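# Residue-level structural notes
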Amino acid sequence: MDKQVIKNIIMERHREVRERQLVERPQLFERRMNYVLVGIRRAGKSCLMIQDMQRRIAAGEITLEDCLYINFEDERIRYMPATELGVILDCYAEMFGDHKPLIYLDEIQIIEGWEQFVRRLADQQYRIMVTGSNAKMLSSEIATTLGGRFVIREIWPFSFLEYLSYRGVTLRNNWQYDSKLLHEIARRMDDYFYYGGFPESFDLLDKREWINSLYQKILLGDIVARHGIRNTRSIRLLAKKMADSVMQPTALTRLQHIVKSTGEKIGLATVKDYLEYFEESYLTFSLSNFVSPVTDQETIKKRYYSDNGILNIFLFNGETKLLENLCAIHLMKQFSNTDEPRLFYYNRNIEVDFYVPESRLAVQASFDINDEETRRREVSDLVSLHKAFPLQRAVIVTRDHEEQITECSLTIEVIPVWKWLLE
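In this report, the structure presented in the accompanying data block is examined. One numbering rule holds for all chains: residues counted from 1, following each sequence as written. Local features in a predicted model are, by the rule used here, given only for residues with pLDDT of at least 70; side-chain atom pairs are given and counted only at 80 or more, and totals for whole chains, interfaces and linings are based on all residues. Heavy atoms from the whole structure form the basis of all side-chain values; hydrogens and water molecules are not counted.

Our focus in this paragraph is the overall build of the protein. A tally of regular secondary structure across the protein gives 16 helices and 14 strands. Computation of the radius of gyration draws on C-alpha atoms, with the globule rule given as 2.2 Å multiplied by the number of residues to the power 0.38. Against the compact-globule benchmark of 22 Å for 423 residues, the protein has a radius of gyration of 23 Å, which places it among compact chains. Reported as C-alpha extents along the three principal axes, the dimensions of the protein are approximately 75 × 55 × 40 Å. Any residue under 20% of the maximum accessible area for its type is buried, any over 50% is exposed, and the rest in between are partly exposed; the area is computed with a 1.4 Å probe on protein chains only. The proportion of buried residues among the 423 residues of the protein is 52%. Counting from the N terminus, the helices are DSSP H or I runs at least four residues long and the strands are E runs at least two residues long.

Laid out in structure tokens, this is it:
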């Protein structure tokens, strides 16, 4: 590997850290911990790396020359073998002296066998942060290789609160009673609801075009090319049918039959593989039924997209699906930080969209409960769940409606989605 090229890259990344202006995100990293940041492409993992450097430099803890920052999506080093990764450290030492820098390695999953190199650096007491867009970075094999030396943190696209911060909307004390501010929040909610939280799309006139381009990059680059898929039509159809099925528990066999009904030949094992590839790339995630047998929990699931903007490119008049998808994302951020599932849906004689047993929390997503039948169904199902598994909190998330309902000793909060997201 040409050392001059690597030195040029190191200096280019230093310039980026020095000049990049970022919206602060509420992500804090311990000074002495090593981190693996994972999540969907363009969620802001690289920016969080830069934010960590900028914060520490501003606090006087380090200087820019103490940072070694490399992005492996750079075509000049994209195909560097893992056995040559040590050359990067050699180049840094030649430029800044033989001391241990803070190491930031962006999109490291591109390099086959990166785990051993990173493990060796951790053993040598380097402080390291790496990012990746592939859930296989969380596999048991890699977790074993890294040997507990790293904290794994999932990074999602911007939350609604972060989106408001980007737009310069500040929530002051008692903001709930500021009618002008509430009007501004509601106006901003429309944009976030349909186009999601990818920060690079926020100021674009044609957000849908950019989001579709990102989806194509994930599908064709991170899934089709990586796994050598030849029948791209079948996997595209599966992605579309998953979007159509948001809100509905769907079995693998059902998805197979839907795709086959279009004339495509696809086996059940292939459907299962494709769904795993979607989740590996953080394009989608899934929830199991709390009261299903273990075998059904693995085969019959509700499946959601990791950002409303991507889901919306598949939909026409899909507000009800977008509302439930947004609720799923919000809850998943809170309850996906362990190896064991904590967030479920509940489906046995009644249907409850989201159930968190440990918190005794149940959430229904209902775009509009002004219809009497819809209102009765949503309330009745929450009350029935409460009788079987006593709830500490029951919520119906709507697009705009707010009230409080008490029935059979259960108090149900009806909350507009924008307010619920800002709790």
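Still to come is the rest of the account.
The term salt bridge refers to a side-chain nitrogen of Lys or Arg lying within 4 Å of a carboxyl oxygen of Asp or Glu. Under the criterion given, the structure shown has 34 salt bridges. A salt bridge links Arg-188 to Glu-184; the shortest N-O distance between them is 3.1 Å. Within this pair, Arg-188 and its partner Glu-184 are both found in helix H7 (residues 179-195), separated by four residues, close to a single helical turn. A cluster of three or more residues bridged by salt bridges with shared partners is formed by Arg-167, Asp-191, Asp-203 and Lys-207.

Here we take up the state of the cysteines. A covalent bond between the sulfur atoms of two cysteines is what we call a disulfide. For this text, the term disulfide refers to a pair of cysteine sulfurs within 2.5 Å. What the rule picks out here adds up to zero disulfides. Between Cys-91, a cysteine without a disulfide, and Cys-67, which holds the nearest cysteine sulfur, the sulfur-to-sulfur distance is 17 Å.

For strand E1 (residues 34-38), the tally of buried residues reaches five of five residues, placing the bulk of the element in the interior. Neither face of E1 is left uncovered, since the one carrying Asn-34, Val-36 and Val-38 and the one carrying Tyr-35 and Leu-37 both have all their residues buried. Note: E1 against strand E5 (residues 150-154), five bridges, orientation parallel. Looking at the pairing, Tyr-35 lines up with Val-151 of E5. Two strands are said to pair when DSSP picks up at least two bridges between them. Looking at chain direction, E1 and strand E4 (residues 128-132) are connected through four bridges and run parallel. Residue pairing across strands places Tyr-35 opposite Met-129, the latter belonging to E4.

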